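Descriptive structure summary
These are the residues of each chain, in order.
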Amino acid sequence: MKILWTAVMLAATPASAQMLDANMADVIVKGCAAHASAKGQSHAIAVVDTGGHLVAAWRMDGNGHGAMEFSLQKARAVAAWGFPTSGMEEAVKGTPGFAEAAYVVTVAGGIPVFSADGRTRIGGVGASGEAPADDAACAAAGIAAAGLKSERAR
């Protein structure tokens, strides 16, 4: 019965609300890059699905491969845990053992991606290359550009 109910619920939810596709990821990357360009900044940007698989990436001019790898780590962290990397430092302090868990990044710049209605987590965005707060703002701008949410609906 539980399997049947799950199947019914998934069928009732539009497919676009359940997954992050390449087109959405492309809009996120371009939205982040446009935000960065307007501020005279340069970021490495990674977008992953909920499994942490890379869907889109863009290394803006001026960033080395280290920034790209760090953006991917941030994106995978938020895809795994479902909350921004900016909150992981506090989580490390308050949760014994969390610092040693997989996919923990304690530097801002990783933002989870939720469906347009904010109900379903569909991936993560990581940005690196500027100050951590600017990385986070870039990632959030990209998510908003795609018409998606960076926070779960309450």
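Everything quoted here is computed from the prediction, not taken from an experiment.

Summed over the entire model, instances satisfying the criterion amount to two salt bridges. Measuring nitrogen to oxygen at the nearest pair gives 3.0 Å for the salt bridge that ties Asp26 to Lys30. In this pair, Asp26 and Lys30 are both assigned in helix 3 (residues 22-38), four residues apart and thus about one turn of the helix distant. Judged by relative accessible area, which is 33%, Asp26 ranks as partly exposed. Of the charged contacts in the structure, one is a salt bridge between Asp135 and Lys74, with a shortest N-O distance of 3.1 Å. Here the residue Asp135 occupies a position in helix 6 (residues 132-145), and Lys74 occupies one in helix 4 (residues 65-81), the gap between them amounting to 61 residues. A residue is classified by how much of its surface remains accessible, and Asp135, at 2% relative accessible area, is buried. Classification of Lys74 by relative accessible area gives buried; the value is 1%.

Criteria and cut-off values
- Residues numbered from 1 in each chain as written.
- Predicted model: local features only at pLDDT ≥ 70, side-chain atom pairs only at ≥ 80, totals over all residues.
- Heavy atoms only, no water.
- Salt bridge = Lys/Arg side-chain N within 4 Å of Asp/Glu carboxyl O.
- Helix = DSSP H or I, 4+ residues; strand = E, 2+ residues; numbered from the N terminus.
- Buried < 20%, exposed > 50% of the residue type's maximum accessible area, 1.4 Å probe, protein only.

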